[in-house]
Amino acid sequence: MQPKIQVSKLKLFYGDTPALKKVSLDVDAHTVVALIGPSGCGKSTFLRALNRMNDLIPRVVVEGEVRIDGENIYHPNTDVVMLRKRVGMVFQRPNPFPMSIFDNVAYGPRIHGTSSKTQLKAVVEKSLQAAALWDEVKDRLGDSALGLSGGQQQRLCIARLLAVEPEVLLMDEPCSALDPISTMKIEELVTELKTNYTIVMVTHNMQQAARVSDYTGFFLNGEMVEYDETDTIFTRPNDKRTEDYITGRFG
């Protein structure tokens with residue numbers, strides 16, 4: 001079977017500064033991939049390259065290929081709006097819109113043309129249930145999303161993403177601003193979501209990578225040093241630099 005995501009010799013420059021150096025990897029559908037490595041090593045830049053969020057940064061140059069279901073997303077004819085609907089992103093800090101819980105989740109479907117109240121209600125309920133938030137908010141959907149706790153806000157952002165029916169979820173350190181209990185809920189959610197989605201997440205938390213991911217990629221100075229099954233990376237890494245990082249010798 002063809003991988004869901006195929007990255008081949010991806011290079012990215014901020015002006016003249018190289019941020020990614022010939023990164024290649026395949027991601028199978030319905031798997032969780034964790035990207036680890038020290039700060040500033042290219043993990044988040046790589047993540048943003050998978051739905052062309054780096055296009056929004058001036059003087060960015062991209063070389064190489066990123067294919068999703070066999071289609072090169074950097075082809076000039078790519079519809080970037082549709083790409084970002086298929087490949088959605090959850091950011092480091094929860095960023096709910098200053099509107100009701102209901103309107104946050106209904107926002108994307110409305111933008112994409114759904115106006116029926118019945119349809120919107122169904123989408124909102126389904127998305128909140130998929131994000132493990134429905135039972136906590138079903139009686140206050142009209143309340144401001146900004147009144148939710150940090151962990152609830154992050155799950156709301158995930159529900160907002162699921163409402164537009166993506167295929168791939170990109171998560172950029174989704175738990176870094178959360179307390180341990182909220183972190184556990186997000187991790188459980190990631191494990192459930194991979195049944196229906198392909199997930200690529202950046203994490204600084206090595207234990208989290210070991211707990212939730214099927215595959216792990218170790219980045220260092222813009223290079224992907226090693227990419228393998230998570231168990232292999234954490235118990236039998238091939239590269240000394242990987243071993244040094246995961247055992248805490250640097251980073």
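Help me understand the side chain of T31, please; the structure alone is not making it clear to me.
Its location among the elements puts T31 in the loop between β2 (17-27) and β3 (32-36). Residue T31 is classed as buried on the basis of its relative accessible area, which comes to 10%. Contact partners of T31, with chain neighbours within four places excluded, come to Y197, T198, I199, D214 and Y215.

Would you take a moment to explain the layout of surface pockets for this structure?
If a probe the size of a water molecule is rolled over the atoms, the empty space left behind becomes visible. In this structure, the largest pocket spans a volume of roughly 550 Å³. Sorting the residues of the lining of the largest pocket by element identifies α2 (80-86), β6 (87-90), α3 (101-111) and α6 (150-162) as the ones contributing at least two each. When its residues are assigned to classes, the lining of the largest pocket shows 13 nonpolar, 5 polar and 3 charged. For the second largest pocket, the calculated volume is near 380 Å³. Along its surface, the second largest pocket is lined by 19 residues, and K126, S127, L162, A163 and E165 are the ones closest to its centre. Among the elements of the structure, α3, α4 (117-130) and α7 (180-193) are those that each provide at least two residues to the lining of the second largest pocket. The dominant element in the lining of the second largest pocket, judged by the number of residues it contributes, is α4, at 5 residues. Classifying every residue of the lining of the second largest pocket gives 10 nonpolar, 5 polar and 4 charged.

Where do I start with the environment of N221 in this structure?
Structurally, the position occupied by N221 is in the loop between β9 (215-220) and β10 (223-229). Separated by 178 residues in sequence, N221 and K43 have C-alpha atoms that sit 9.6 Å apart. Beyond its immediate sequence surroundings of up to four residues, N221 is in contact with K21 and C41.

How should I be thinking about the sheet that holds strand β1 (residues 5-14) in this particular structure?
Think of a sheet as strands paired side by side through backbone hydrogen bonds, with each pair either parallel or antiparallel. The sheet built from 4 strands is open, its strands ordered β2-β1-β4-β5 with antiparallel pairing. Only two strands of the sheet have a single neighbouring strand rather than two, namely β2 and β5 (71-72). Taken together, the 2 bridges between strand β4 (residues 60-68) and β5 define a ladder with antiparallel strand orientation. Across the sheet, residue I68 finds its bridge partner in β5, namely E71.

Can you help me understand the pairing of β10 in this one?
Regular strands have side chains that alternate between both faces of the sheet. Both β9 and β10 contribute to a ladder of 6 bridges, which runs antiparallel. For F219, the partnering residue across the bridge sits in β10 and is M224. Between the end of β9 and the start of β10, which pair antiparallel, lie 2 residues, with N221 showing a positive phi angle near 50°.

Can you help me understand the sheet that holds strand β7 (residues 168-172) in this one?
With mixed pairing, the 6 strands of this open sheet are ordered in space as β6-β7-β8-β3-β9-β10. Of all the strands in the sheet, the pair left with one neighbour each is β6 and β10. Each strand of the sheet is rotated relative to its neighbour by a mean of 20°, with strand direction disregarded. The pairing of β3 with strand β8 (residues 198-202) spans 4 bridges and is classified as parallel. Note that in β8 the partner of A34 across the bridge is M201. Contacts from α6 reach β6 and β7, with the element oriented near 170° to β6. Across the sheet, α7 touches β3, β7 and β8, and the angle it forms with β8 is around 150°.

Help me understand the nonpolar core in this model?
Grouped together as the largest cluster of nonpolar side chains are 34 residues, with contacts concentrated most on L128 and I158. Residue assignment for this core shows that the elements contributing at least two residues are α3, α4, α5 (134-137), α6, β7, α7 and β8. For this core, the element with the most residues is α6, which contributes 5 residues. Setting aside its immediate chain neighbours within four residues, I158 contacts V90, A131, M171, I186, L189 and L193. V7, V66, Y74 and V87 belong to the second-largest nonpolar core, a separate cluster that totals 30 residues.

Hey, could you run me through the packing of α3 against α4 in this one?
Geometry of a packed helix pair, given as the angle between the helix axes and the separation of the axes. Axis separation between α3 and α4 bottoms out at 9 Å; the angle between their running directions is 110°. It follows that α3 is roughly perpendicular to α4 by the angle criterion. In this structure, α3 meets α4 at a crossing whose hand is right-handed. Of the residues in α4, those in contact with I101, F102, V105, A106, P109 and R110 of α3 are L120, K121, V123, V124, S127 and L128. Each residue belonging to the contact of α3 with α4 can be placed in one class, and the counts come to 9 nonpolar, 1 polar and 2 charged.

What counts and how
Residues numbered from 1 in each chain as written. Predicted model: local features only at pLDDT ≥ 70, side-chain atom pairs only at ≥ 80, totals over all residues. Heavy atoms only, no water. Helix = DSSP H or I, 4+ residues; strand = E, 2+ residues; numbered from the N terminus. Buried < 20%, exposed > 50% of the residue type's maximum accessible area, 1.4 Å probe, protein only. Contact = heavy atoms within 4.5 Å. 1 Å grid on protein atoms, 1.4 Å probe; cavity = no way out; pocket = protein on both sides within 12 Å on 5 of 7 lines; lining within 4 Å. Points joined across faces, edges and corners; volume = space filled by probe spheres on them. Nonpolar A, V, L, I, M, F, W, Y, C, P; charged D, E, K, R; others polar. Pairing = 2+ DSSP bridges. Axes fitted to C-alpha atoms, helices over the stretch in contact; angles between N-to-C directions. Core = buried A, V, L, I, M, F, W, Y, C linked by side-chain atoms within 4.5 Å. Parallel < 35°, antiparallel > 145°, perpendicular 65-115°, else oblique. Left-handed = near helix turned anticlockwise from the far one by under 90°.

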